[in-house]
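If you want the building blocks of each chain, they are given just below.
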Amino acid sequence: MSLDIILQIALSGLLAGAVYALIAIGFTLVFGVLDIVNFAHAVVPMMAMYGVFFLYSTFGLDPIIGFVPVVLAAIVLGALLHKILISRIVGTHHFTQIICTLGVFIFCENLMNLIYGGDFRGLSLSYTTTTWNVIGLSIPVARAVAAAVSLLAVVALSIFLSRASLGRAIRAASNNRIGAHLIGVDVPRVYLCAFVIGTALAAVAGVVMTPFSLVNPFVAGDFLMKSFVIAIVGGLGSVPGALIAGLLIGVAEALSGLYLTDSFGNVVVFGILIVTLAVRPSGLIPVQK
């Protein structure tokens, strides 16, 4: 096995891992702030992919143009879901949260299956097969753009959380919700904003994946598995931890397909989870509270 092939596969894993990380960061942000295990989070990128597909097949809108309306729709739906369900289960037992959000997951998955069926669908665009050749490596343009957008979204989130007044309020509510309330932070508003931001991040990931990925209703299960594993490996509630874990999972999954078979990808992913729980249960970069 030549070094060039290994580097090419590892690069593909890094590009995929950046998008996985963005989905997981939305998941871990909601857990870190609201203390909710939101299994419904995984249907957001799937439904965003269908949103892009609908705009393209119905109106001919390129995903670049469809980016804004799909993400805005995700924000509105996220706010509605928070008002109708999430705000009512904050502070309840995690088992209750899992059951409620898993119910939303199953409903959305089957709704898309009813509308579009279980067939895989995808877009055929000029830039989906375009590649750049850099120092002997072939870089797919669509995947590189998706990874770049994902990393920019992570950087923007980090700057927002560290410098914006609302971002600092989110961090305060995450560290100590009672203390944040006592110093005047509007905790319910903070919870809403954190949930909507997490939803928007997942929608962005779904949109940027659409040009090079096939979608059917049941890919949400794969998103759920990966975001859950990445969030735990990185440290629940840790944004930088989720980013590092996402890149790690992406590379590990890609290399496992090279040395083993594609079907062993999930085995390797869960193997990393088991090792992490055994060696460092708090994750790679645990949140300090």
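Whatever comes next refers back to the structure up there.
The structure presented is a predicted model; accordingly, all values stated were derived computationally and were not measured. (Residues numbered from 1 in each chain as written. Predicted model: local features only at pLDDT ≥ 70, side-chain atom pairs only at ≥ 80, totals over all residues. Heavy atoms only, no water.)

### Observations concerning the side chain of Gln-8
Thinking step 1. As for its position among the elements, Gln-8 is in helix H1 (residues 3-34).
Thinking step 2. In this structure the side chain of Gln-8 is engaged in a polar contact, spanning 2.6 Å, whose partner is the backbone oxygen of Ser-138.
Thinking step 3. Apart from residues lying up to four places away in sequence, Gln-8 is in contact with Leu-137 and Ser-138. (Helix = DSSP H or I, 4+ residues; strand = E, 2+ residues; numbered from the N terminus. Polar contact = N/O pair within 3.5 Å; in protein donor to acceptor, adjacent residues only side chain to side chain. Contact = heavy atoms within 4.5 Å.)

### What to know about a nonpolar patch on the surface
Thinking step 1. Together, Val-76, Leu-77, Leu-80 and Ile-84 make up an exposed nonpolar region whose accessible area comes to about 390 Å².
Thinking step 2. Of note, Leu-80 is situated in helix H3 (residues 63-89).
Thinking step 3. We classify Leu-80 as partly exposed; its relative accessible area is 43%. (Patch = residues over 30% accessible without salt bridge, like charges linked within 9 Å, V, L, I, M, F, W, Y side chains within 5 Å. Areas by Shrake-Rupley, 256 points an atom, 1.4 Å probe, with all protein chains shown as cover. Salt bridge = Lys/Arg side-chain N within 4 Å of Asp/Glu carboxyl O. Buried < 20%, exposed > 50% of the residue type's maximum accessible area, 1.4 Å probe, protein only.)

### Considering the pairing of strand S2 (residues 137-140)
Thinking step 1. Residues Leu-137 and Ile-139 line the buried face of S2, whereas the alternating positions Ser-138 and Pro-140 sit on a face that is not buried.
Thinking step 2. Inspection of the sheet shows strand S1 (residues 131-134) paired to S2 by four bridges, in the antiparallel sense. The residue of S2 that forms the bridge with Trp-132 is Ile-139.
Thinking step 3. Following S1, the chain reverses through two residues before pairing antiparallel with S2; Ile-135 in that reversal takes a positive phi of roughly 40°. (Pairing = 2+ DSSP bridges.)

### Regarding the nonpolar core
Thinking step 1. Among the nonpolar cores identified, the biggest contains 85 residues, and Val-33, Leu-34, Met-46, Val-190 and Phe-223 are the most heavily contacted of them.
Thinking step 2. Setting aside chain neighbours within four positions, we find Val-190 in contact with Val-33, Leu-166, Ala-169, Ile-170, Ala-173 and Val-185.
Thinking step 3. In this structure, Leu-11, Ala-18, Leu-137 and Ile-139 belong to the second largest nonpolar core, which totals seven residues. (Core = buried A, V, L, I, M, F, W, Y, C linked by side-chain atoms within 4.5 Å.)

### Comments concerning the environment of Met-49
Thinking step 1. One can find Met-49 in helix H2 (residues 43-59).
Thinking step 2. Setting aside residues no more than four positions away along its own chain, Met-49 makes contact with Gly-206, Met-209, Thr-210, Ser-213, Leu-214, Val-215 and Phe-223.

### Re the packing of aromatic side chains
Thinking step 1. Taken as a whole and assessed by the stated rule, the structure comprises five aromatic pairs.
Thinking step 2. Ring centres of Phe-27 and Phe-228 lie 6.1 Å apart, and the angle between their planes is 85°; on these two criteria the pair is classed as edge-to-face. Here the residue Phe-27 occupies a position in helix H1, and Phe-228 occupies one in helix H9 (residues 219-234), the gap between them amounting to 201 residues.
Thinking step 3. By relative accessible area, Phe-27 is classed as buried at 2%.
Thinking step 4. With relative accessibility at 30%, the residue Phe-228 sits in the partly exposed group.
Thinking step 5. For the pair Tyr-50 and Tyr-116, a centre-to-centre distance of 4.5 Å together with 15° between the ring planes defines the contact as stacked. Highlighted residues: Tyr-50 in helix H2 and Tyr-116 in helix H4 (residues 94-116), separated in sequence by 66 residues. One exposure class covers both Tyr-50 and Tyr-116, and it is buried.
Thinking step 6. Members of the aromatic cluster, each reached through a chain of ring pairs, are Phe-27, Phe-39 and Phe-228. (Phe/Tyr/Trp six-rings, centres within 6.5 Å; stacked < 30°, edge-to-face > 60°.)

### Describing the packing of H3 against H4
Thinking step 1. Orientation of H3 relative to H4, taken along the N-to-C sense of each, is 160°, at an axis distance of 10 Å. Viewed along their axes, H3 and H4 adopt a mutual orientation that is roughly antiparallel. You can see that H3 and H4 cross each other, and the crossing is right-handed. Between H3 and H4, the residues in contact are Leu-81, Leu-85, Ile-86 and Ile-89 and Gln-97, Cys-100, Thr-101 and Val-104, respectively.
Thinking step 2. For the contact of H3 with H4, the class distribution of residues is six nonpolar, two polar and no charged. (Axes fitted to C-alpha atoms, helices over the stretch in contact; angles between N-to-C directions. Parallel < 35°, antiparallel > 145°, perpendicular 65-115°, else oblique. Left-handed = near helix turned anticlockwise from the far one by under 90°. Nonpolar A, V, L, I, M, F, W, Y, C, P; charged D, E, K, R; others polar.)

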